[in-house]
Amino acid sequence: MRRFLVGVMALVGVAAFARSAAADDAMWRNFRGRVMFSDIALAPAANFESPAMMSAALKRIERSTFDQTAGFWRMHMVAFLDRPAPSSALKMRATDVTDPRAPREVRLFEVPVERGDRELRLDDFVVTEAMGFARGASYQISIESSDEGPAPAEAGKARKADVYAKGVITLR
């Protein structure tokens, strides 16, 4: 009888995990490859009754423009990576795309992530004019591989960044 109860409990635990994993997959499929921005931090997934509720909340709080406050812009980001993170750090590149014919890299940040994660959260992320950001400009934020430099066989060729997610914001 004891073995039976242990078996039933294990089966219930596996079923709950599978339902949670399926919910995470549904959320990831909805936003895959996108960086979502907000002026309000999104609660952890565990606080939502379903992935549909979390998706609705994320869509409701999503912003594409941010107002400057006391000399800086503060935002919260959730990046849904195109594929699992291959390492414990990724790069976040901010490119000024105000003039789409002449994009200009403004800043490159290294951001920590758990290897294998498909979601990257950055709360209370702050940028300033001293960092190269400007009022009225639009920026593409891309999450990229942290792999440095070209492979030795490709030493003379330019190397395109391996992009996991991207989004655009405008600073006012």
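Provided above is the structure to which this section pertains.
What you see is a predicted model; the values in this text were computed from it and never measured.

Reading the values: rules and limits
Residues numbered from 1 in each chain as written. Predicted model: local features only at pLDDT ≥ 70, side-chain atom pairs only at ≥ 80, totals over all residues. Heavy atoms only, no water. Helix = DSSP H or I, 4+ residues; strand = E, 2+ residues; numbered from the N terminus. Buried < 20%, exposed > 50% of the residue type's maximum accessible area, 1.4 Å probe, protein only. Contact = heavy atoms within 4.5 Å. Salt bridge = Lys/Arg side-chain N within 4 Å of Asp/Glu carboxyl O.

A. Expanded view of the overall build of the protein. Per the secondary structure count, the protein includes two helices and eight strands. When the helices and strands of the protein are read in sequence order from the N terminus, they spell out α-β-α-β-β-β-β-β-β-β. Scored against the burial criterion, the 172 residues of the protein give a buried share of 33%. A fraction of 75% describes how many contacts in the protein between residues 6 or more apart in sequence connect residues 24 or more apart.

B. Local environment of the pattern of salt bridges. Under the criterion given, the structure shown has twelve salt bridges. Here D162 and R83 are joined by a salt bridge, their closest N and O atoms 2.2 Å apart. Taken together, the positions of D162 in the loop between β7 (138-145) and β8 (163-171) and R83 in the loop between β3 (72-80) and β4 (89-96) put the pair 79 residues apart, joining distant regions of the chain. Residue classification places D162 among the partly exposed residues on the basis of a relative accessible area of 35%. Across the pair R121 and E119 runs a salt bridge whose closest N-O atoms are separated by 2.8 Å. Note on E119: relative accessible area 29%, which makes it partly exposed. In this structure, a network of salt bridges that share partners links the residues R32, D82, R83 and D162.

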